[in-house]
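# Secondary and tertiary structure notes
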Amino acid sequence: MARLPLLLALGLGLGLGLGLAAKSPYQQVLQHSRLRGRQHGPNVCAVQKLIGTNRKYFTNCKQWYQRKICGKSTVISYECCPGYEKVPGEKGCPAALPLSNIYETLGVVGSATTQLYSDRSNLRPEIEGPGSFTIFAPSNEAWASLSAETLDSLVSNVNIELLNALRYHMVNKRVLTDDLKHGTTLNSMYQNLPIQIHHYPNGIVTVNCARLLKADHHATNGVVHVIDKVISTTTNNIQHIVETEESLETLRAAVAASDLNSLLESEGQYTLLAPTNEAFEKIPRETLNRILGDPEALRDLLNHHILKSAMCAEAIIAGLTMETLEGTTLDVGCSGEELTLNGKPIIANKDILATNGVVHFVNELLIPDSAKTLFELAQESEVSESMNLFRQAGLSSHLTGNERVTLLAPVNDVFKDKPVSVDSNMKNLLLNHIVKDQLSSKYLYHGQKLQTLGDKELRVFVYRNNLCIENACIAAHDKRGRFGTLFSVDKMLTPPTGSVMDVLKADHRFSTLVAAIQSAGLTENLNRPGTYTVFAPTNEAFRAMPQGELNKLMGNAKELGNILRFHMADEILVSGAVSALVRLKSMQGDKLEVSAKNNIIHVNKEPVAESDIMATNGVIHAVNSVLQPQASRPQERGDEPADPALEIFKQASALSKVSQRNPRLAPVYSRLLAKMKENSGGF
């Protein structure tokens, strides 16, 4: 008997699960429209209408609050939800539409022209009689938008052409929107030719790329869906369209050269953004020849024009990101009547339907990063100034050929108000911004060594908030080209030229510090391999000390060594790693507090005069003051030993409040009061 409640619960849960199946996107959007319209009465739906047109949409929350479709303003109107009608004198749309046959229903739902042509073509008896049909009925406006030539060819032969056209809009079973699954096909009543169905996440449903306007109108012998176009049969795959369209001649040759014919003939649901001959002609001849002559780059280029799913123009009412066969993404959007790619209205002809997807003609070539040279990658990055330097230095061949390299390109802000001339020293420095091998930042690791074309060794530093190569930190996502990768960095790189001790000796600002290091016996430490950060006091810092204090310090090797070790840490910290407060343990034992304020690094609140002087075994930051360890500073009130009586008083104050709420703590409070009397000698 104990198992009975469990079985009942399981049965109830299963029943609820079956009864509460997830609604289709169309039904979700329709439900949202119902909620927005309910203040106007039962079965009223809120509809967004594009200003200046007759186009209406049931929309989701996002479109509702934005009040825009394809970037254009909309107005809200309220009308009866599908399947309902008004009753004079009553609020809203309380009455269901009369249930009649399909022929009669066509006249009620705004497809009187389809009703008229059904009569003329002798389809009427079939859709008035018994059966279970679905008809995707073009609206009156859809018929009116046909060219005169097309319409004449249909109505001049009503018993064959018009009848066949209408039967292609029909399915020999009842199909509601919940049954219209994305990427499926339905067999039409004209020679069983397929009708392509797409049901998008935004709630839009298309039939051969025609949008459902009014769906799920029930009839005694089926269901009527009103669509915004007259659809035509589709028998050609995408490859056939490419082969037969004159404006795609260059694309046709490229597809053949990359062996993509079989893909474009295969079953599936793709979107081909087909570059026209004009699109190829806009590309510099040198660039185009390079890509066409490189099978891998060419294949990446073409795959970048193929979306993984069929996307009809009518389904795009706002921007969305679509994945290509190459693995990249494109921003597909719309602006009024125009479709856009990456924000540009470059789609010239849309919705050419194929058996395995849809084709849109584009009049600009979309070149992916993976088919570009480093110079081409840089055109879309904020590194134009540094690229000019590489050109002037005669290093272009490394950035345009098939050499596998990674370019560390300083961003334009580095050169702001700092004109740079290219001489032999600058050329050598630029060579050290080109790393051998094509790298990806996500695979770099702390302590990794990189070799440059200038035969220098660069170190990688991985920090919590940054990824740096020597003193330069990566400022943007890397761009991976055909043979090279572009790292945009926030500084000109300064490769290390010697040990910490070598660098200090070579800089006249640190002559006093060098003498102090030698006196303290620390020279060997700063010459050996390691990972040091040294906050190096300049001569000015030592001159700022009282002379007597300086003489005393210099005469005491032990104390001098203690002070100097307080300026050193056993890990490398470059300025790019400092955003918030960073605490470094000095080699003396106390902490160094490093922070950044207004783009200036501070250590223990003292500004750093020059940061990131790189050495082979560390980094040097110049400071204009001698830092003092905590023990050497005058003692502050916060560091005084705690008064036991004061601590007891604090505890007693807290406990007195708690004991008033909890009598069990009263004895503890009494003992604390007794201790206070002992420490104070009574009150």
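Coordinates for the structure precede this section.
A brief report on the enclosed structure follows. From a predicted model like this one, the values you see are computed outputs, not experimental measurements.

What follows concerns the sheet that holds strand β28 (residues 484–489). Ordered by their spatial adjacency, four strands build an open sheet running β22-β21-β28-β27, and the pairing between neighbours is mixed. Unpaired on one side and paired on the other, β22 (434–436) and β27 (479–480) mark the two borders of the sheet. Where strand β21 (residues 405–410) lies against β28, six bridges are found, and the strand directions are parallel. Of the residues in β28, the one forming a bridge with P410 is V489.

Here we take up the nonpolar core. Counting 29 residues, the largest nonpolar core has L504, L513, I517, L526, V534, L564 and I620 as its most contacted members. Listed by contribution, the elements that provide at least two residues to this core are α20 (500–506), α21 (511–520), β29 (532–537), α23 (539–543), α24 (547–554), α25 (557–566), β34 (606–615) and β35 (618–623). In terms of residues, this core owes the most to one element, α21, which gives five residues. Leaving out residues up to four positions away in the same chain, I517 has contacts with M501, L504, L522, T523, L526 and L564. Counting 28 residues, the second largest nonpolar core, distinct from the first, contains Y200, L307, A315 and L339.

Taken as a whole and judged by the stated rule, the model has two aromatic pairs. When the ring of Y117 is compared with that of W143, the centres are 4.8 Å apart and the planes differ by 80°; the resulting orientation is edge-to-face. Of this pair, Y117 sits in helix α5 (residues 112–120) while W143 sits in helix α7 (residues 140–144), and the two are 26 residues apart along the sequence. Summarising the burial analysis for this pair, Y117 and W143 share the class buried. With centroids separated by 6.3 Å and ring planes inclined at 45°, the aromatic side chains of F461 and Y463 adopt a geometry described as tilted. Note on accessibility: F461 and Y463 belong to one class, buried. The lysine or arginine in question, R211, covers the ring of Y57, its NZ or CZ lying 4.0 Å from the ring centre.

Attention now goes to the state of the cysteines. Enumeration according to the criterion identifies five disulfides in this entry. The partner cysteine of C45 in its disulfide is C81, sulfur to sulfur 2.0 Å. With the S-S dihedral at roughly 105°, the linkage between C45 and C81 falls on the right-handed side. Of the two residues, C45 is situated in strand β1 (residues 44–50) and C81 in the loop between β4 (72–80) and β5 (84–85); the sequence distance between them amounts to 36 residues. A relative accessible area of 0% places C45 in the buried class. Residue classification places C81 among the buried positions, given a relative accessible area of 1%. Two residues share a disulfide in this structure: C80 and C93, whose sulfurs sit 2.0 Å from each other. Across the S-S bond of C80 and C93 the torsion is about -85°, and the bridge reads as left-handed. With C80 in strand β4 and C93 in the loop between β5 and β6 (95–96), this residue pair connects regions lying 13 residues apart in the sequence. Since its relative accessible area comes to 21%, C80 is described here as partly exposed.

Calculation criteria
- Residues numbered from 1 in each chain as written.
- Predicted model: local features only at pLDDT ≥ 70, side-chain atom pairs only at ≥ 80, totals over all residues.
- Heavy atoms only, no water.
- Pairing = 2+ DSSP bridges.
- Helix = DSSP H or I, 4+ residues; strand = E, 2+ residues; numbered from the N terminus.
- Core = buried A, V, L, I, M, F, W, Y, C linked by side-chain atoms within 4.5 Å.
- Buried < 20%, exposed > 50% of the residue type's maximum accessible area, 1.4 Å probe, protein only.
- Contact = heavy atoms within 4.5 Å.
- Phe/Tyr/Trp six-rings, centres within 6.5 Å; stacked < 30°, edge-to-face > 60°.
- Lys NZ or Arg CZ within 6 Å of the ring centre and 35° of its normal.
- Disulfide = S-S within 2.5 Å.

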